[in-house]
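One letter stands for each residue in the lines below.
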Amino acid sequence: MVDCLFCRIIAGEIPGAFVHKDDRLVAFKDVNPQAPMHVLVVPRRHIATLNDLSAEDDALLGEMTRVAGNIAKQHGHAERGYRTIFNCNAAAGQTVFHIHMHVLGGRSFAWPPG
Ligand code: 5GP
Ligand code: ZN
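Note that the structure is a prediction, hence the values are computed from the model and not measured.

**Q** A description of the overall build of the chain should follow, citing residues and the corresponding values.
**A** Helices and strands together make up the secondary structure of the chain, namely two helices and five strands. Reading the secondary structure of the chain in the N-to-C direction produces α-β-β-β-α-β-β. Rg of the C-alpha trace for the chain: 14 Å, near the compact-globule value of 13 Å for 114 residues, within the 12% margin. Within the span of the chain, comprising 114 residues, buried residues form 37% of the whole.

**Q** Could you give an account of the site of ligand 1, with specific residues and numbers?
**A** In the neighbourhood of ligand 1, 16 residues make up the surrounding shell, with Asp30, Asn87, Gly93, Thr95 and His102 lying closest. Contact distances for ligand 1 include 2.8 Å between an oxygen atom and a backbone N or O atom of Gly93. In isolation ligand 1 exposes 520 Å². Once the protein is present, 82% of that is buried. Element by element, the count of residues in the shell around ligand 1 is highest for helix 1 (residues 5-10), at three residues. Split into classes, the residues belonging to the shell around ligand 1 amount to seven nonpolar, seven polar and two charged.

**Q** Just give me the short version of the environment of Asp57, but keep the residues and values in it.
**A** Note on placement: Asp57 falls in the loop between strand 3 (37-43) and helix 2 (58-74). Residues Asp57 and Ile47, spaced 10 residues apart in sequence, show a C-alpha to C-alpha distance of 9.9 Å. Excluding residues that lie within four positions of it along the chain, Asp57 makes contacts with Arg45, Ile47 and Asp52. Of note is the side chain of Asp57, whose polar atom sits 2.3 Å from the side chain of Arg45.

The rules behind each value
- All residue numbers here refer to positions counted from 1 along the written sequence of the relevant chain.
- Chain labels run from A onward and ligand labels from 1 onward, assigned in the order the entries are written.
- Confidence filtering applies because this is a predicted model: local features only for residues at pLDDT of at least 70, side-chain atom pairs given and counted only at 80 or more, and all residues used for totals across whole chains, interfaces and linings.
- Side-chain numbers come from the whole structure's heavy atoms, not from hydrogens or water.
- Strands here mean DSSP runs of E at least two residues long; helices mean DSSP runs of H or I at least four residues long; both are numbered from the N terminus.
- For the radius of gyration, the atoms used are the C-alpha atoms, and the globule rule reads 2.2 Å times the number of residues raised to 0.38.
- Only protein chains enter the accessibility calculation, which uses a 1.4 Å probe; a residue whose area is less than 20% of its type maximum is buried, one above 50% is exposed, and one in between is partly exposed.
- Nearness here has a simple test: a residue counts as near a molecule or strand if at least one of its heavy atoms is within 4 Å of that partner.
- Whenever a nitrogen or oxygen atom comes within 3.5 Å of another N or O atom, the pair is scored as a polar contact, on the condition that within protein one atom can donate a hydrogen and the other can accept it, and that pairs from neighbouring residues in sequence are kept only if both atoms are in side chains.
- Using a 1.4 Å probe, accessible areas were evaluated by the Shrake-Rupley method; residue-level cover was limited to the displayed protein chains.
- Under this grouping Gly is polar, as are all residues other than the nonpolar Ala, Val, Leu, Ile, Met, Phe, Trp, Tyr, Cys and Pro and the charged Asp, Glu, Lys and Arg.
- In what follows, residue pairs with any heavy atoms lying within 4.5 Å of each other are defined as contacts.

What follows is the structure, given as structure tokens:
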């Protein structure tokens, strides 16, 4: 059994501020928000990194993107704009090894990212 922070949040062992739950996905507020809206969209199934995806996960990733858009709409950020991010492995800044899509909104974002 992998000791995974996000698996524990999904299991209810650690509290999370959930904004979405369905059969395959949850979304909760990031504990250290980098924007007025900073939500993490997380599959219930443990997948460590984007490198571990298979073709069977294509629909799951599509759902994650659609749910992210719905959350941005619900928070009133869809029209102005919002950012979605996956960090994959250490050089990209991944610190929790259970895939998650960051959804950030409520401010402007620079490009290129740091
Ligand atoms: P990563 O760096 O892996 O792309 O993103 C991990 C994110 O998880 C970070 O933005 C971090 O603030 C967030 N995080 C870390 N621990 C917790 C926690 O216990 N609860 C919540 N809600 N977010 C967390
Ligand atoms: Zn996990």
